[in-house]
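If you want the building blocks of each chain, they are given just below.
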Amino acid sequence: MLLSEQNRTSSSVNMASVNVLSLNTLSDLHPKPDTTFTYGTAGFRMKADLLDSVIFRTGIIAALRSKKLGGKVIGVMITASHNPAADNGVKLVDPMGEMLEGSWEAHATALSNAQTNEQVLDYIHVMVSSLKIDLTNPANVVYGRDTRPSGEALVSALEDGLKVLGAQSTDYGILTTPQLHYLTRCLNTVNTPESYGEPTVEGYYKKLAAAYKVLVEGKPKLSPVILDCANGVGAPKFKEFMNFLGDSFAVKIVNDDIENSSKLNLNSGADFVKTGQRAPVGLKMTPQDRCASFDGDADRIVYYYMDEDNTFKLLDGDKIAGLAAMFIIDLVKAAGIDNISVGVVQTAYANGASTQYLRNTLNVPVSCVSTGVKHLHHEALKYDVGVYFEANGHGTVVFSPTALKTIYSTEGSSPAQASAVRSLRALSEVINQTVGDAFSDLLLVETILTQRQWTPKIWDQAYSDLPNRLVKVVVKERSIFKTVDAERKLVEPAGLQDAIDAIVLKFRDGRSFVRPSGTEDVVRVYAEAATRPETDELAFRIGGLVFDFNSNGSGTRPREFI
Ligand code: 16G
Ligand code: MG
């Protein structure tokens, strides 16, 4: 985008602190490749060797965001989560630890695509003028990265970007994504009534471990959980965390090789387990075991176990949401509190059986929103206590300020009530309020299973998942697929939704929707139905339909498509 004359004039007053010479010199060190970038659902993410200029410019955006917010601390996380080791990415964290405000995603995209140094400067002008950014404000930025080998060089690119506007910054080194979110919120609330904790990684461990110890105090310990760390940052960080959890927590860590970076997320981790519905490599299960997998940056978790007949059983984000909602509702009741309501937020990927369970058995309101943490988090804030989880294992529970006030001002009029109040308080501390956090979710689930003395099988009995299937369709242009109704309906291309509906009608308990991916160049098809064969047939029929529609399919038509 080029600057209008008017913008150029009105912003020039403010531009004194952009040192053009230094911008040019630094920008020359990070030339833009011939690629178009998009700040998507999970920030920028792609092959690491294409990211140098993007990360440099993300540094500029982070500094501008901080200046816009009067010097509040902005977080930058360099990670590509569950993607292969050769990928990397970056995302920005807003002051309270939430995802970057939606309207700024477009600015990040625009700046990353500026072709020349002059256009970079022009776009900075556009932002300063249209967003009324006072460049004399300070800029404060903190950053961290996962274990990917490309991270180190990308951090220097970020640091160069931060220099352009003279941001003050702190490098927190290797972190899980949720730790960076935690730190950002702590730094912005230190010495305020909303103080979220000590702004150090040690402070994070101490806060969670202390709360967990309260929650399991006096309860018989469960067998160790077998924990697959996807050979990612979760491994060294969870080991650090164990120094604080001590005897209160028993774990057997597998897939903790971060030295051999090619193993990152390879046949392991939450995404592999959820998508493939099977155990990761390096983890031998027996029917007695309770297992969990983190993803590569430890913001997702799924559980699983093996039934007596050796069938693999997945306890995904939907199952965790159901367990957490059930437990919190019971605790609120046991505490004698009657003015806190619990709600659950899901996406269209939530298994239909889980939605039924939440609505009909737990009697909780359930909202459905578009994919992506920011949508779920935002919606969850509307409830007193909002439980949100994506089926893929990303989620948390957010307590509203009113709910927290009630929990902290209630004493309980019997020992049982007092104990429930104590648990609720500790629960609000053990749960990361900023974002889905695999460490914190692990402690949440372990708390519930310990308090109830439940095996994963008992937990699993809440409801039976409908069989489901996810299919990817490679199309020529995924942007022509437009959805409404929390991605459950297509409005474009015209006619496709009617054709989908006509097929779905023929299947018992059939449900299917089609949406363009926000992270990959594909269109995703989700299908569920009463039985496995019906589900597969439905998924492959819809896959075929999407592939053939208006000849938008690309490459060879997959053999299984009907
Ligand atoms: C990103 C999102 C995740 C979402 C996934 C969908 C965040 C932090 N992460 O990983 O929530 O489930 O994208 O990917 O928002 P898709 O659009 O390719 O299906
Ligand atoms: Mg992740």
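Under an unreviewed UniProt entry, the name given to the chain is Phosphoacetylglucosamine mutase, and the organism recorded is Entomortierella parvispora. Quoted verbatim from the Function (unreviewed entry) field of UniProt, the annotation for the chain is "Catalyzes the conversion of GlcNAc-6-P into GlcNAc-1-P during the synthesis of uridine diphosphate/UDP-GlcNAc, which is a biosynthetic precursor of chitin and also supplies the amino sugars for N-linked oligosaccharides of glycoproteins." Word for word, the UniProt comment on the chain under Catalytic activity (unreviewed entry) is "N-acetyl-alpha-D-glucosamine 1-phosphate = N-acetyl-D-glucosamine 6-phosphate".

Chemist: In this structure, what is going on with the overall build of the chain? I would like to understand it.
Modeler: Looking only at helices and strands, the chain has 19 helices and 19 strands in total. Rg of the C-alpha trace for the chain: 24 Å, near the compact-globule value of 24 Å for 562 residues, within the 12% margin. Among the 562 residues that make up the chain, the fraction classed as buried is 58%. Across the chain, contacts joining residues at least 24 apart in sequence account for 70% of those joining residues at least 6 apart. Positive and negative side-chain charges in the chain, numbering 56 and 65 respectively, have mean positions lying 2 Å apart.

Chemist: Help me understand the coordination of the magnesium ion (ligand 2) in this model?
Modeler: Working reference: metal with six octahedral donors, ideal angles 90 or 180 degrees; metal with four tetrahedral donors, ideal angle 109.5 degrees. Ligation of the magnesium ion (ligand 2) by protein atoms is provided by Ser 81 (OG), Asp 295 (OD), Asp 297 (OD) and Asp 299 (OD), these donors lying 2.0 to 2.2 Å from the ion. Sequence positions of the donors to the magnesium ion (ligand 2) reduce to the motif S-x213-D-x1-D-x1-D. Here the residue Ser 81 occupies a position in the loop between strand 2 (73–78) and strand 3 (87–93), and Asp 295 occupies one in the loop between strand 8 (291–294) and strand 9 (301–306), the gap between them amounting to 214 residues. Taking the relative accessible area as the measure of exposure, Ser 81 reaches 3% and is therefore buried.

Chemist: Just to check I follow, could you spell out the UniProt feature "binding site: Mg(2+)" (unreviewed entry) in the chain for this structure?
Modeler: As annotated by UniProt and renumbered to match this structure, "binding site: Mg(2+)" (unreviewed entry) occupies Ser 81, Asp 295, Asp 297 and Asp 299. On the basis of their most widely separated C-alpha atoms, the annotated residues across 219 residues gather in one place, lying no more than 8.1 Å apart. Apart from residues no more than four positions distant in its own chain, Ser 81 is found in contact with Arg 45, Asp 146, Arg 148, Asn 265, Asp 295, Gly 296, Asp 297 and Asp 299. Tracing the backbone through its elements, the reader meets Asp 297 in the loop between strand 8 and strand 9. Discounting residues that sit within four places of it in the chain, Asp 297 has contacts with Thr 79, Ser 81, Lys 91, Thr 176, Thr 177, Pro 178 and Val 233.

Chemist: Whenever I open this one, the sheet that holds strand 5 (residues 168–174) confuses me. Can you help?
Modeler: The pairing of strands in a sheet happens through backbone hydrogen bonds and is either parallel or antiparallel. Strand order in this open sheet of five strands is 1-3-2-4-5, and the pairing throughout is mixed. One side of each edge strand has no neighbouring strand; the edge strands of this open sheet are strand 1 (44–47) and strand 5. Strand-to-strand twist in this sheet, taken as the mean axis angle between neighbours without regard to direction, amounts to 15 degrees. The sheet strands contacting helix 7 (residues 177–189) are strand 2, strand 3, strand 4 (140–145) and strand 5, and the helix crosses strand 2 at an angle near 170 degrees.

Chemist: Teacher, can you tell me more about the pairing of strand 17 (residues 489–492) here?
Modeler: Residues in a regular strand point their side chains to alternate faces of the sheet. In terms of strand pairing, strand 16 (residues 482–484) meets strand 17 through three bridges, oriented antiparallel. By the bridge assignment for strand 17, Val 484 is matched with Lys 489.

Chemist: Would you mind showing me how to read the packing of helix 2 (residues 20–28) against helix 5 (residues 117–130) here?
Modeler: Describing two packed helices takes the angle between their axes plus the distance from one axis to the other. Running from N to C, helix 2 and helix 5 point in directions that differ by 125 degrees, and their axes come no closer than 10 Å. What the angle tells us is that helix 2 and helix 5 run oblique. Regarding helix 2 and helix 5, the two cross each other, and that crossing is right-handed. On helix 5, the residues that touch Val 20, Leu 23, Asn 24, Ser 27 and Asp 28 of helix 2 are Asn 117, Val 120, Leu 121 and Ile 124. The residue inventory of the contact of helix 2 with helix 5, partitioned by class, reads five nonpolar, three polar and one charged.

Chemist: Please explain the nonpolar core as it appears in this structure.
Modeler: Side chains of nonpolar character tend, in soluble globular proteins, to be buried together. By size, the foremost hydrophobic cluster in this structure holds 82 residues, and its most contacted members are Phe 238, Phe 241, Phe 294, Tyr 303, Val 387, Leu 427 and Leu 442. The leading source of residues in this core is helix 11 (residues 317–334), at eleven residues. In contact with Phe 241, not counting residues within four places along its chain, are Tyr 205, Leu 208, Ala 209, Phe 439 and Leu 443. Counting 47 residues, the second largest nonpolar core, distinct from the first, contains Ile 124, Leu 131, Val 155 and Val 164.

Chemist: Whenever I open this one, the domain arrangement of the chain confuses me. Can you help?
Modeler: Interface size is commonly expressed as the accessible surface area that is lost when the partners come together. Taken domain by domain, the chain consists of domain 1 (5–174), domain 2 (203–313), domain 3 (317–460) and domain 4 (468–561). Here the C-alpha centroids of domain 1 and domain 2 sit 34 Å apart. In this complex, domain 1 contributes eleven residues to the contact, which on the side of domain 2 involves 15 residues. The tally of links between domain 1 and domain 2 comes to one salt bridge. The salt bridge partner of Lys 91 is Asp 299, with a shortest N-O separation of 4.0 Å. There are six residue pairs in polar contact (both at pLDDT 80 or more) connecting domain 1 and domain 2. Looking at the side of domain 1 that touches domain 2 residue by residue, the classes come out as three nonpolar, five polar and three charged.

Chemist: Just to check I follow, could you spell out the side chain of Asn 113 for this structure?
Modeler: Residue placement: Asn 113 occurs in helix 4 (residues 102–113). For Asn 113, the residues in contact, after removing those within four places along its chain, are Lys 32, Thr 35, Thr 36, Phe 37 and Arg 57.

Chemist: Would you take a moment to explain the pairing of strand 8 for this structure?
Modeler: Burial along strand 8 is two-sided: Cys 291 and Ser 293 and Ala 292 and Phe 294, pointing in opposite directions, are all buried. The pairing of strand 6 (residues 225–228) with strand 8 spans three bridges and is classified as parallel. Across the sheet, the residue bridging to Leu 227 is Ala 292, located in strand 8. Inspection of the sheet shows strand 8 paired to strand 9 by four bridges, in the antiparallel sense. Residue pairing in the sheet places Phe 294 in a bridge with Ile 301 of strand 9. Here strand 8 folds back onto strand 9 in antiparallel fashion, the turn holding six residues, of which Ala 298 has a positive phi close to 60 degrees.

Calculation rules
- Residues numbered from 1 in each chain as written.
- Chains lettered and ligands numbered in written order.
- Predicted model: local features only at pLDDT ≥ 70, side-chain atom pairs only at ≥ 80, totals over all residues.
- Heavy atoms only, no water.
- UniProt positions renumbered as here; feature names shortened; annotations may be inferred.
- Helix = DSSP H or I, 4+ residues; strand = E, 2+ residues; numbered from the N terminus.
- Rg over C-alpha atoms; globule rule 2.2 N^0.38 Å.
- Buried < 20%, exposed > 50% of the residue type's maximum accessible area, 1.4 Å probe, protein only.
- Contact = heavy atoms within 4.5 Å.
- Lys, Arg positive; Asp, Glu negative; His and termini not counted.
- Charge placed at Lys NZ, Arg CZ, Asp CG, Glu CD.
- Donors = N, O, S within 2.8 Å, 3.2 Å for Na, K, Ca; no water.
- Pairing = 2+ DSSP bridges.
- Axes fitted to C-alpha atoms, helices over the stretch in contact; angles between N-to-C directions.
- Parallel < 35°, antiparallel > 145°, perpendicular 65-115°, else oblique.
- Left-handed = near helix turned anticlockwise from the far one by under 90°.
- Nonpolar A, V, L, I, M, F, W, Y, C, P; charged D, E, K, R; others polar.
- Core = buried A, V, L, I, M, F, W, Y, C linked by side-chain atoms within 4.5 Å.
- Domains from an automatic or database assignment.
- Salt bridge = Lys/Arg side-chain N within 4 Å of Asp/Glu carboxyl O.
- Polar contact = N/O pair within 3.5 Å; in protein donor to acceptor, adjacent residues only side chain to side chain.

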